[in-house]
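Architecture at a glance
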Number of protein chains: 2
Amino acid sequence: MNLLKEAQDWSDLFSPESASRKKSVMQAMHGILTQPGIRSLGPGAPSTEYFPFYAMNLEVGSTNAFATVGKEIPKSTTTIHAGKHDSFSGLSTYDLAIALQYGLGTGSAQLVQFMTDHVKMVHNPPYRNWKCILSAGTTSAFEIVLKMLAKSGDYLLVEQHTYTTVFETGLPLGIKFAQVRMDKDGLIPNDLDDILTNWDETTRGSRKPSLLYTIPTGQNPCGITQPLTRRQEIYRVAQKHNLFIVEDDPYYYIQLGLYKTASHATEPPTSVEDYVKTLVPSYLSIDIDGRVLRMDSFSKIIAPGARMGWVTASEQVIERMVRAHEVSVQNPSGFSQIAVFKLLHDGWGHLGFVQWLAHLRGEYTKRRDVLFEACELFLPREICGWVPSTAGFFAWISVDWTKHHKAGWISSLQIEKAIHSAAIDAGTLVVPGSWFLPDEGQSGMDKVFFRMTYAAASTDDIREAIKRFGAALRRVFHSQSQGKLGQADSGYQLQKL
Amino acid sequence: MNLLKEAQDWSDLFSPESASRKKSVMQAMHGILTQPGIRSLGPGAPSTEYFPFYAMNLEVGSTNAFATVGKEIPKSTTTIHAGKHDSFSGLSTYDLAIALQYGLGTGSAQLVQFMTDHVKMVHNPPYRNWKCILSAGTTSAFEIVLKMLAKSGDYLLVEQHTYTTVFETGLPLGIKFAQVRMDKDGLIPNDLDDILTNWDETTRGSRKPSLLYTIPTGQNPCGITQPLTRRQEIYRVAQKHNLFIVEDDPYYYIQLGLYKTASHATEPPTSVEDYVKTLVPSYLSIDIDGRVLRMDSFSKIIAPGARMGWVTASEQVIERMVRAHEVSVQNPSGFSQIAVFKLLHDGWGHLGFVQWLAHLRGEYTKRRDVLFEACELFLPREICGWVPSTAGFFAWISVDWTKHHKAGWISSLQIEKAIHSAAIDAGTLVVPGSWFLPDEGQSGMDKVFFRMTYAAASTDDIREAIKRFGAALRRVFHSQSQGKLGQADSGYQLQKL
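Residues numbered from 1 in each chain as written. Chains lettered and ligands numbered in written order. Predicted model: local features only at pLDDT ≥ 70, side-chain atom pairs only at ≥ 80, totals over all residues. Heavy atoms only, no water.

1. Here's the deal with the overall build of chain A
A count of helices and strands for chain A gives 14 helices and 17 strands. In terms of C-alpha radius of gyration, chain A reaches 25 Å, essentially the compact-globule figure of 23 Å for 497 residues. In terms of its C-alpha atoms, chain A occupies a principal-axis envelope of roughly 90 × 65 × 45 Å. Considering chain A as a whole, with its 497 residues, one finds that 62% of them fall into the buried category. (Helix = DSSP H or I, 4+ residues; strand = E, 2+ residues; numbered from the N terminus. Rg over C-alpha atoms; globule rule 2.2 N^0.38 Å. Buried < 20%, exposed > 50% of the residue type's maximum accessible area, 1.4 Å probe, protein only.)

Here it is as structure tokens:
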């Protein structure tokens with residue numbers, strides 16, 4: 001007997017646009033199509049005989065190549081195959097003819113099933129009627145979810161600094177942003193509670209927010225990962241104020257080892273269970289009310305070009321999202337779906353998949369270490385601060401702009417701009433913290449930050465880029481502050497670049 | 001010297017949502033990234049070394065197989081290859097590493113260039129600053145375009161009956177529909193002119209429409225193709241009232257041969273030019289003002305699962321669409337892009353592509369003939385009417401509901417429903433005409449129609465389905481009208497099915 005509750009009813013939350021969407025009449029025909037003996041002259045789908053693709057063979061990473069994390073082994077690949085009519089011939093449940101035909105707004109049943117099994121193993125959501133569907137990437141999913149759960153004039157609760165696309169999507173839709181302060185463990189529950197408890201519709205110009213957007217793991221841009229206790233506290237505040245939580249978690253599987261531990265070579269997991277134990281639990285995994293919509297992405301763990309992710313939430317919320325899919329993206333590309341299905345289902349299996357994820361963790365741990373070691377070596381500690389990230393792609397460096405000799409005369413934003421430009425002149429591209437604020441820092445900033453990624457540059461380039469960024473910082477502060485930041489930092493010699 | 005004009009200024013047309021979209025700050029970094037000597041710690045894209053795909057080999061239809069239309073030749077395929085770093089090794093301009101990385105809101109430069117060349121050859125737009133980008137399928141493109149060019153309360157001008165997704169997308173957004181009557185050549189220019197000339201804001205409850213949506217070739221659901229003269233007349237009305245035209249043309253390449261001509265076997269084109277001469281010119285090809293946004297789709301000519309199409313319009317309109325892409329689909333799947341690029345660019349080339357299109361035309365011409373021949377054989381002419389379609393996927397059958405003995409007591413919509421149900425009971429799925437009306441026929445219908453497609457069913461199934469539909473029609477009219485529609489039709493004997 002299943003003792004879990006059903007999800008709470010969220011129908012009041014849907015925007016008028018979302019609530020008024022009806023089932024597509026063409027989709028409604030699917031029920032009739034499955035009746036025995038029916039000949040269809042209905043939906044205008046082309047015959048699969050006119051798809052000019054007969055087979056797809058993909059050379060992919062073999063589990064041999066990464067099931068031994070950190071050990072030097074030769075790269076090895078294996079070939080996975082998808083034929084046009086494999087399901088007809090009994091070779092597979094999924095083939096090119098199915099993948100390349102029109103599909104359902106949920107994504108294909110085969111890949112949805114694989115991801116649902118994965119979600120069950122990793123998150124095991126503690127309520128009864130959750131569902132998982134495929135998105136056409138998290139950028140698409142977020143846009144759909146925002147329009148589904150908010151309307152013009154509504155506030156979205158977000159972390160103090162957050163992912164630029166959130167503003168870029170929301171502002172043109174008339175969405176406003178209520179920023180929640182963060183500490184070293186991320187979003188502060190008391191601040192969230194205060195904002196909601198003291199919400200004044202008149203001064204705010206809009207009703208109390210019902211939607212929280214958070215990036216709980218390796219937050220973009222701050223690199224912070226909320227510990228489980230923090231997540232539990234935030235969930236309790238959400239219960240108190242009946243908030244719905246959008247958990248955007250593209251870096252969930254990029255949970256890194258401790259900074260500068262003896263070795264990055266940890267043994268690969270020998271079971272999915274073992275692997276899951278090493279991860280901070282998600283909001284989805286503590287969501288007894290069905291108040292979480294979780295967005296996962298293949299972009300950071302398979303490839304961004306797949307333009308595919310998966311979304312997990314209660315049935316009723318997923319149903320509204322499927323309706324939105326039917327009149328927009330429909331579903332992710334069939335080429336993406338079959339490539340990823342063949343890789344995960346036919347190629348790797350669930351264990352191979354998490355071994356790959358553990359392998360990636362090892363790789364990004366090494367990269368993270370290189371970047372923060374370079375920070376220790378090359379950045380002027382008198383004005384710079386950082387905490388090594390324990391997940392994700394990003395380092396978040398604070399710069400004490402009050403030590404600039406013009407501080408007070410020129411704004412923090414102007415100093416940030418000067419550093420950014422000087423860094424580019426020196427040959428390093430970093431991202432100013434103001435870009436992660438809804439007003440881009442126009443109304444003032446207490447602190448100056450820069451986001452840096454270790455995701456893609458080579459080890460040498462990471463070191464050189466940080467070295468040059470340090471030099472640029474010194475130049476901006478030094479030239480205008482008469483040598484206040486001298487030559488004495490970590491053995492670093494200021495030199496012509 | 002280029003004597004063509006620039007496109008007219010359409011900036012007044014953009015919705016507040018669209019007009020307020022700013023360039024993505026992350027996209028803005030691309031300019032800096034291309035500066036020599038820059039090391040990037042900026043955009044958080046993963047390293048391509050972590051994409052677990054090393055090569056893709058696709059077995060595709062060879063031009064040998066279809067360059068001889070209608071002749072019996074063995075199926076032949078050829079293998080096209082995409083490696084991970086082909087562009088690095090100089091093997092190709094486009095490879096898996098590029099395709100599977102984050103991309104631009106336009107789609108990849110390589111495939112955009114191929115499609116731009118194709119558009120130039122096929123449509124040669126007669127103004128200076130047109131552009132072509134990739135969409136994530138026309139359903140996605142239409143949703144974006146509608147939000148870009150209309151806002152809640154606005155009217156969209158559409159054909160009397162039109163594609164269901166148009167309503168399903170528009171109604172939840174608060175879009176209203178002004179239906180323009182059609183004759184055998186499609187949308188009637190005088191009716192369009194009358195609607196606009198006599199537009200009364202008070203009775204209509206909204207400003208005069210500025211947007212016309214039309215499916216000019218093989219219209220869905222009516223199967224009608226507007227001749228060039230009709231398009232020119234409509235374009236002149238659009239100029240008179242300064243309308244912007246959305247040309248949705250997924251069936252453009254499915255322009256069929258004459259009904260029941262001696263042979264479907266026509267010689268394949270030996271040049272792109274020869275092929276283009278056989279097509280009715282598009283709105284884009286007569287668009288001297290830049291007032292047309294044209295949506296093309298790979299769904300009917302390559303595969304729907306690619307979830308990809310292309311859009312052509314003036315630079316300014318395309319620029320707004322790219323901004324919308326950046327916060328939604330981003331771009332079509334990289335798997336789709338590289339598969340289609342490799343097929344069209346490396347595999348077929350421009351001539352091979354149009355030979356494939358000519359081959360498809362031959363195939364759909366045969367299918368069309370089978371369906372209409374079956375209509376002649378099996379449908380009761382006393383109550384049914386049709387004109388063989390000259391393009392697209394659909395037959396549009398009118399049923400004279402006034403001959404039903406309860407006509408006048410029950411509505412046309414009820415009679416339509418009875419026929420639809422009887423057809424399903426008899427084993428044939430067709431689509432009721434009311435589904436293609438914004439109110440689904442609730443406010444009454446002069447005529448009863450059914451849409452049927454010959455796109456996918458086998459020849460035998462098409463015949464059997466039409467036969468059963470004919471029987472269902474007779475049953476609905478016969479049983480209630482005492483044998484009015486007897487056994488005398490085209491030698492057809494009513495029998496137990």
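Now that the structure is up, let's keep going.
2. Observations concerning helix α14 (residues 412–426) of chain B
Residue and element names in this part refer to chain B. The end-to-end C-alpha distance of α14, which contains 15 residues, comes to 21 Å, matching closely the 21 Å that a straight helix rising 1.5 Å per residue would cover. Among all positions in α14, only Ser412, Leu413, Ile415, Glu416, Ile419, His420, Ala422, Ala423, Ile424 and Ala426 are buried. Once α14 ends, the next one or two residues include Gly427, with phi positive near 100°. (Expected span 1.5 Å × (residues − 1).)

3. Notes on the pairing of strand β14 (residues 394–399) of chain B
All names here are of chain B. Taking burial as the measure, the six residues of β14 include five buried ones, the bulk of the element. In the sheet, strand β13 (residues 384–385) pairs with β14 via two bridges, with the strands oriented antiparallel. From the neighbouring strand, Gly385 faces β14, where its bridge partner is Ser398. Where β14 and strand β17 (residues 448–453) come together, six bridges link them in antiparallel fashion. Bridged to Ala395 within β17 is Met452. (Pairing = 2+ DSSP bridges.)

4. So, the domain arrangement of chain A
Residues and elements named next belong to chain A. Entries for chain A in the domain assignment read domain 1 (43–348) and domain 2 (379–481). Placing a centre on the C-alpha atoms of domain 1 and another on those of domain 2 gives a separation of 30 Å. Contacts between the two partners involve 23 residues from domain 1 and, on the opposite side, 17 residues from domain 2. Of the roughly 1700 Å² buried where domain 1 meets domain 2, counting both sides, 69% is carbon and sulfur surface. Contact with domain 2 buries surface across domain 1, with His161, Pro221 and Leu256 losing the most and accounting together for 30% of the total. One can count zero salt bridges joining domain 1 with domain 2. Counting across the domain 1 and domain 2 interface gives four residue pairs in polar contact (both at pLDDT 80 or more). (Domains from an automatic or database assignment. Contact = heavy atoms within 4.5 Å. Buried area = accessible area lost by both parts, 1.4 Å probe. Salt bridge = Lys/Arg side-chain N within 4 Å of Asp/Glu carboxyl O. Polar contact = N/O pair within 3.5 Å; in protein donor to acceptor, adjacent residues only side chain to side chain.)

5. Some remarks on the interface of chain A and chain B
Interfaces are often sized by the accessible area lost when the parts come together. With 102 residues of chain A at the interface, the matching set in chain B holds 103 residues. Taking both partners together, chain A and chain B bury about 8800 Å²; carbon and sulfur atoms supply 63% of that area. Residue Glu49(A) pairs with Arg367(B) through a salt bridge whose shortest N-O separation is 3.2 Å. Across the chain A-chain B interface, the total number found is 45 residue pairs in polar contact (both at pLDDT 80 or more). The leading source of residues in the side of chain A that touches chain B is helix α12 (residues 334–378) of chain A, at eleven residues. Of the residues in the side of chain A that touches chain B, the class split is 53 nonpolar, 28 polar and 21 charged. With two bridges connecting them, strand β15 (residues 428–429) of chain A and strand β1 (residues 39–40) of chain B associate as parallel partners. In the sheet register, Thr428(A) faces β1(B), and the bridge partner there is Arg39(B). (Nonpolar A, V, L, I, M, F, W, Y, C, P; charged D, E, K, R; others polar.)

6. Some points on the sheet that holds strand β17 (residues 448–453) of chain A
All names here are of chain A. Here we have four strands laid out as an open sheet, ordered β13-β14-β17-β16, and antiparallel in their pairing. Single-partner strands in this sheet number two, and they are β13 (384–385) and β16 (431–432). Sheet strands in contact with helix α13 (residues 412–426) are β14 (394–399), β16 and β17, and its direction is about 35° off that of β17. (Axes fitted to C-alpha atoms, helices over the stretch in contact; angles between N-to-C directions.)

7. A word on the relation of the copies chain A and chain B
Superposing chain A onto chain B takes a rotation of 180° plus a shift of 0.0 Å along the axis, which leaves an RMSD of 0.0 Å. Such a combination of turn and shift is consistent with a two-fold rotation axis. Both copies present the same face, since 100% of the interface residues in chain A are matched by interface residues at the equivalent positions in chain B. (Least-squares fit on C-alpha atoms with pLDDT ≥ 70 in both.)

8. Some details on the packing of aromatic side chains
Any two aromatic rings considered together are summarised by their centre-to-centre distance and by the angle between their planes. If you walk through the whole model with that rule in mind, you get 38 aromatic pairs over all chains. Pairing Phe393(A) with Phe394(A) gives two aromatic rings, centres 6.3 Å apart and planes at 70°, and the pair type is edge-to-face. One aromatic cluster is present, formed by Tyr50(A), Tyr251(B), Tyr364(B), Phe393(B) and Phe394(B) through successive ring pairs. Directly above the ring of Tyr155(A) sits Arg204(A), whose terminal nitrogen or CZ lies 5.7 Å from the centroid. (Phe/Tyr/Trp six-rings, centres within 6.5 Å; stacked < 30°, edge-to-face > 60°. Lys NZ or Arg CZ within 6 Å of the ring centre and 35° of its normal.)

9. Quick notes on the sheet that holds β17(B)
A sheet is described by the order of its strands in space; here four strands give the open sequence β13-β14-β17-β16 (chain B), paired in antiparallel fashion. The open sheet has two edge strands with one neighbour each: β13 and β16 (431–432) of chain B.

10. Considering the pattern of salt bridges
Inspection of every chain in the model, using the stated rule, returns 54 salt bridges over all chains. Salt-bridge contacts for Lys22(B) lead to Glu440(A); the nearest nitrogen and oxygen are separated by 3.5 Å. Of this pair, Lys22(B) sits in the loop between α1 (16–19) and α2 (25–33) while Glu440(A) sits in the loop between β16 and β17, which puts the two residues in different chains. What makes Lys22(B) exposed here is its relative accessible area of 58%. Linking Asp369(B) and Arg368(B) is a salt bridge whose minimum nitrogen-to-oxygen distance equals 2.7 Å. For the pair Asp369(B) and Arg368(B), one class covers both residues: buried. Members of the salt-bridge network, linked through shared partners, are Glu247(A), Asp249(A), Arg294(A) and Asp296(A).

11. Regarding the side chain of Asp248(B)
Residues and elements named next belong to chain B. With respect to the helices, strands and loops of the structure, Asp248 is situated in strand β10 (residues 244–248). Despite its burial, Asp248 pairs with no opposite charge, the nearest such side chain being Lys300 at 7.8 Å. Those residues within four positions of Asp248 in sequence are excluded, and the remaining contacts are Thr138, Tyr213, Thr214, Ile215, Pro216 and Met295. (Lys, Arg positive; Asp, Glu negative; His and termini not counted.)

12. Structural notes on the packing of helix α6 (residues 138–149) of chain B against helix α12 (residues 315–326) of chain B
Residues and elements named next belong to chain B. Axis separation between α6 and α12 bottoms out at 10 Å; the angle between their running directions is 115°. Taken together, the axes of α6 and α12 are roughly perpendicular relative to one another. In this structure, the crossing between α6 and α12 has a hand that is right-handed. Of the residues in α12, those touching α6 at Ala141, Ile144, Val145 and Met148 are Val317, Arg320, Met321, Ala324 and His325. Considering only residue class, the contact of α6 with α12 consists of seven nonpolar, one polar and one charged. (Parallel < 35°, antiparallel > 145°, perpendicular 65-115°, else oblique. Left-handed = near helix turned anticlockwise from the far one by under 90°.)

13. Topic: the confidence of the model for chain A
Residues and elements named next belong to chain A. Residue-level pLDDT values for chain A average 92, and 93% of them are 70 or greater. Every residue in residues 480–484 scores below 50 in pLDDT, and together they form six contacts with partners more than four places removed in sequence or on other chains. Under a pLDDT of 50 for its full length, residues 486–497 has, in the predicted model, 26 contacts with residues more than four places off or in other chains. (pLDDT = per-residue confidence, 0-100.)

14. Section: unusual backbone geometry
Residue and element names in this part refer to chain A. With an omega dihedral of 20°, the bond running from Asn220 to Pro221 counts as a cis peptide bond. By the secondary structure assignment, Pro221 is in the loop between β9 (211–214) and α9 (228–240). For Arg307, which is not glycine, the phi torsion reads 45° and is therefore positive. Within the secondary structure, Arg307 is located in the loop between β11 (292–297) and β12 (309–314). With a phi close to 65°, Gln330 is a non-glycine residue in the positive phi region. Along the chain, the position of Gln330 falls in the loop between α11 (315–326) and α12. What makes Gln330 buried here is its relative accessible area of 12%.

15. Remarks on α6(B)
Residue and element names in this part refer to chain B. The terminal C-alpha atoms of α6 lie 16 Å apart, and with twelve residues this matches the ideal 16 Å at 1.5 Å per residue to within 8%. In terms of burial, α6 is a largely internal element, twelve of the twelve residues being buried. Regarding α6, the residues found buried are Thr138, Thr139, Ser140, Ala141, Phe142, Glu143, Ile144, Val145, Leu146, Lys147, Met148 and Leu149.

16. Things to note about the state of the cysteines
Residue and element names in this part refer to chain B. Evaluation of the coordinates by the stated rule reveals zero disulfides over all chains. Cys222 forms no disulfide, and the closest cysteine sulfur to it belongs to Cys375, at a distance of 15 Å. Its relative accessible area of 9% is what places Cys222 among the buried residues. You can see Cys384 has no disulfide; the closest cysteine sulfur is in Cys375, sitting 8.1 Å from it. The buried category is assigned to Cys384, whose relative accessible area is 9%. (Disulfide = S-S within 2.5 Å.)

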